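# Examination of the molecular architecture
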Amino acid sequence: METPEAYLSLLGVIGEDFRIIFSKIHGGIIEYNYLGKSLIKEVPKPNFYRASTQNDTGNKYGFRYGQWFSASLYQKAIFQKATLNEDGTSVEIIYQHILPGNVETEIEVTYLVDGNGKVDVTLDYQPSAKQIEMPEFGMMFKLPLDFENVEFYGEGPMENHIDRQQGTMLGIYQYTIYENLTPYLMPQECGNRTGVRYADIYNKDEIGLHFSFIDDAFEFSAIPYTPIEVESARHPFELPLPYQSVVRINKIQMGIAGDNTWGAKTHDEYLLSNQEHYVFKFSFNGHIR
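Heads up: these notes are all about the structure in this document.

What counts, and at which threshold
- Residues numbered from 1 in each chain as written.
- Predicted model: local features only at pLDDT ≥ 70, side-chain atom pairs only at ≥ 80, totals over all residues.
- Heavy atoms only, no water.
- Helix = DSSP H or I, 4+ residues; strand = E, 2+ residues; numbered from the N terminus.
- Buried < 20%, exposed > 50% of the residue type's maximum accessible area, 1.4 Å probe, protein only.
- Contact = heavy atoms within 4.5 Å.
- Areas by Shrake-Rupley, 256 points an atom, 1.4 Å probe, with all protein chains shown as cover.
- Lys, Arg positive; Asp, Glu negative; His and termini not counted.
- Charge placed at Lys NZ, Arg CZ, Asp CG, Glu CD.
- Pairing = 2+ DSSP bridges.
- Phe/Tyr/Trp six-rings, centres within 6.5 Å; stacked < 30°, edge-to-face > 60°.
- Lys NZ or Arg CZ within 6 Å of the ring centre and 35° of its normal.

Turning our eyes to something else, we now look at the overall build of the protein. The helix and strand tally for the protein stands at four helices and 18 strands. Across its three principal directions, the C-alpha atoms of the protein cover 55 × 45 × 40 Å. Of all 289 residues assigned to the protein, the portion counted as buried reaches 53%. The contacts in the protein between residues at least 6 apart in sequence include a share of 65% that link residues at least 24 apart. As presented, the protein carries roughly 13500 Å² of accessible surface, and 53% of it is formed by carbon and sulfur atoms. One way to put it: in the protein the 23 positive side-chain charges average out to a point 4 Å from where the 39 negative ones average out.

With that settled, the discussion passes to unusual backbone geometry. Between G156 and P157 the backbone carries a cis peptide bond, its omega angle lying at 5°. Despite not being glycine, K60 has its phi angle at roughly 60°, a positive value. Mapped onto the fold, K60 is located in the loop between α2 (54-57) and α3 (61-74). Overall, the relative accessible area of 53% leaves K60 in the exposed class. Positive phi, close to 65°, is recorded for E206, a residue that is not glycine. Looking at the element boundaries, E206 is found in the loop between β14 (198-202) and β15 (207-213). You can call E206 partly exposed: its relative accessible area is 34%.

It is worth spelling out the sheet that holds strand β2 (residues 18-23) at this point. One key point about sheets: their strands pair by backbone hydrogen bonds, in either a parallel or an antiparallel sense. The four strands are arranged β1-β2-β3-β4 in an open sheet whose pairing can be described as antiparallel. Bordering the open sheet on either side are β1 (10-14) and β4 (37-38), each of which pairs with just one other strand. When β2 meets strand β3 (residues 28-34), the two strands line up antiparallel, connected through six bridges. Each bridged residue has a counterpart across the sheet, and for S23 the counterpart in β3 is G28.

A complete count under the given rule lists 22 aromatic pairs for this structure. Centroid distance F280 to F282: 5.2 Å. Interplanar angle 35°. Geometry classified as tilted. Summarising the burial analysis for this pair, F280 and F282 share the class buried. A connected cluster of aromatic rings, assembled from ring pairs, spans Y32, F141, F211, F220, F280, F282 and F284. Above the ring of Y153, the side-chain terminus of R197 is found at 5.9 Å from the ring centroid.

Written out as structure tokens, the structure reads:
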């Protein structure tokens, strides 16, 4: 049963066709309703981990990057403040996410919501040089399973990464989240696209979320599983029955290596830095096609 304190912890932004509810306790957006349809299942969170590839298993990827597995799963979000702009047309809401690990660090997440239901998101993070670099830097959204259709404008048509994009072509492409689950013999990282300018994910009624870039193009994937679910399966039949649609929108993801499968690591030029100050900005909003 919800307590009065729980209701007092809520912040709402309501417009003609949408309702967005933030929670001070739960660390972010707990509801985004557009045209009467709930668009998210859980609070979107910063994400730093991708599933290993077969190339990675030979170089002990999981052992080296395990702290980013736990940082993605067990981060603690603390509400900072909410500010209405002078003319009352937008509100800024800020959370601080504390990341567990041998060296505790923090990432600031800012949401700027306007009167049309568009949310500008800013992730601001300074890694510690005492930590190994992140496998990826972005945010993960969990949507209802019926959000299975995707259209994006970016590098395609097949999955690609920063070290596997020479054969891509910039264009508008469509797929379903099931088609985007590449049928590798061993479940592994898959479905990523680079250089994305916008991406729509929507249901059969063509209601969904529209993601767009603010400063730079981003990386995007949508499959029925989280990286942790993919990481936990060694065979396709070990994956759970799909129950949600998982969107990851990233500033960057490390390369997938591939020189060999018995120890070669991703080349240094395709790794994220553990010293660079990372800022990632993107927008999303409820959308009907």
